[in-house]
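# Structural overview
The primary structure of each chain is shown beneath.
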Amino acid sequence: MAATARPVVVKSFVDAGCQTHLIGCTATRAALLIDPKAGKRAVYEKALADYGLRLEVVVDTHTHADHLSDSAAWLARGVRCAMGAATKCERAVERLKAGDTVAVGKLAFRVLAVPGHTPDSIALYGHGLVACGDTLLVGGLARADFRGSDPAQLFESVKRELLTLPDATVVLPGHGYQDLLFTTIGHERAHNPALRHADGRAYAAALGAVEGRGNTPEVDAMLATNLAAAPVLPEGPAAVAACCAMGATSAASAPIREQRNDELAPRRAELVARSQWIDVRDPWELAQDGRIPGVPNYPLSELGFVLDELRAHPPEVISCKSGVRSTTAVKTLRYLGVLRDPISMVGGFGKWKEAGLPVEK
Ligand SMILES: [Fe+2]
């Protein structure tokens, strides 16, 4: 099993349930940042440097109610920022209409209008992925009880714009609360309980969401800041005002199998020979810190693009740097039905190296 070069680099960030996605063009190193959070700029800048990417465009998929957007800071640095055409944001953001294209180096993403969570919600589709903001989440849909939300419209947007995409399309949502990083259109079409309703009206009736009930004083303060032309943004950690999911899967709560490096080291050669061990760190980490001999790299954020490979050669062991990302990989791949019950290596490559076990550069 060998990782194949793809035209798109993807790195997803999770912070307090909010997901930001960095998407880069392999050929030109131009990059797009979707839904960046205030207070996390240093994290994104480090990732840009680690991947050798150059940020060209920032897109907010909608006016966020739960966290502060960092678009104003990127605008001030001369980076193009864009939102959906229906936005009331007072910043100098480009307005994207349905059918527009967001070009990033040699990549092109089509703008989909997906109102419902908010009137200005958009998604970006292309190169086997859809970054859909707060619409379709893993095992559920986004909240639809804010002022301006419309649950029936949300359901119909998801059905019309997202469920019509190819099954293998990797869904990069705006939120995740259960350590499940991504999903696919095919999996959600088949398994998402929110999508079993006949239509938007039936979904809205079952949900019973009351418009505006979600607008707590904290949410209204977030919205006001995210609409302002020149907000004061924190440099450090910023608060989150609300969870943005309505209904979600319980698949992630089942215990996972874990083994220590001293248990796995004696089986390394055998597992490597059978292509049954993968390392889900970022590629630059392997280049910088080394790797367990023979264990190929399948970065966590890009696992959605190699599901067929993983199905054909199911890994028995997944490792990362410390054991956190391998846990996310196990949960996500198990949720998707790609792997049954793989082992996450406790302590990851860090503890492996500390224990003096073999490392190759
Ligand atoms: Fe949202």
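The structure displayed is predicted, hence computed values, not measured ones.

We now examine the sheet that holds strand E1 (residues 8–15). Picture the strands of a sheet paired through backbone hydrogen bonds; they go either parallel or antiparallel. Read across the sheet, six strands follow the order E1-E2-E3-E4-E5-E6 without closing on themselves; strand pairing throughout is mixed. Every other strand in the sheet has two partners, leaving E1 and strand E6 (94–96) as the edge strands with one partner each. Strand-to-strand twist of the sheet, defined as the mean angle between neighbouring strand axes without regard to direction, takes the value 25°. In this structure, strand E4 (residues 54–59) lies alongside strand E5 (residues 80–84), joined through three bridges in parallel fashion. Its bridge partner being in E5, Val 58 is matched across the sheet by Cys 81. Helix-sheet contacts for helix H1 (residues 41–51) involve E1, strand E2 (18–25), strand E3 (30–34) and E4, and the interaxial angle to E1 is about 155°.

Here helix H3 (residues 151–162) crosses helix H5 (residues 200–207) at 135°, and the two axes come no closer than 7 Å. Comparing their axes, H5 and H3 come out oblique. Between H3 and H5 the crossing geometry is right-handed. On the side of H3, the interface is formed by Pro 151, Ala 152, Gln 153, Phe 155 and Glu 156, while H5 contributes Gly 200, Arg 201, Tyr 203, Ala 204 and Leu 207. The residue makeup of the contact of H3 with H5, split by class, is six nonpolar, two polar and two charged.

This part takes up the sheet that holds strand E18 (residues 317–319). Spatially, E16-E19-E18-E17 is the arrangement adopted by the four strands of the open sheet, whose pairing is parallel. Each edge of the open sheet carries a strand with a single partner, namely strand E16 (257–259) and strand E17 (277–279). Sheet twist, expressed as the mean angle between neighbouring strand axes with direction ignored, is 30°. Pairing analysis gives three bridges linking E16 to strand E19 (residues 343–345), with the strands arranged parallel. Looking across to E19, one finds that Gln 259 is bridged to Met 345.

Bringing the domain arrangement of the protein into the picture now. Segmentation of the protein into domains returns domain 1 (8–248) and domain 2 (254–354). Computed over C-alpha atoms, the centres of domain 1 and domain 2 are 28 Å apart. With 14 residues of domain 1 at the interface, the matching set in domain 2 holds 13 residues. Secondary-structure elements contributing two or more residues to the side of domain 1 that touches domain 2 are E1, H1 and strand E14 (183–184). Of the residues in the side of domain 1 that touches domain 2, the class split is six nonpolar, five polar and three charged.

Parameters and conventions
- Residues numbered from 1 in each chain as written.
- Predicted model: local features only at pLDDT ≥ 70, side-chain atom pairs only at ≥ 80, totals over all residues.
- Pairing = 2+ DSSP bridges.
- Helix = DSSP H or I, 4+ residues; strand = E, 2+ residues; numbered from the N terminus.
- Axes fitted to C-alpha atoms, helices over the stretch in contact; angles between N-to-C directions.
- Contact = placed C-beta atoms within 7 Å.
- Parallel < 35°, antiparallel > 145°, perpendicular 65-115°, else oblique.
- Left-handed = near helix turned anticlockwise from the far one by under 90°.
- Nonpolar A, V, L, I, M, F, W, Y, C, P; charged D, E, K, R; others polar.
- Domains from an automatic or database assignment.

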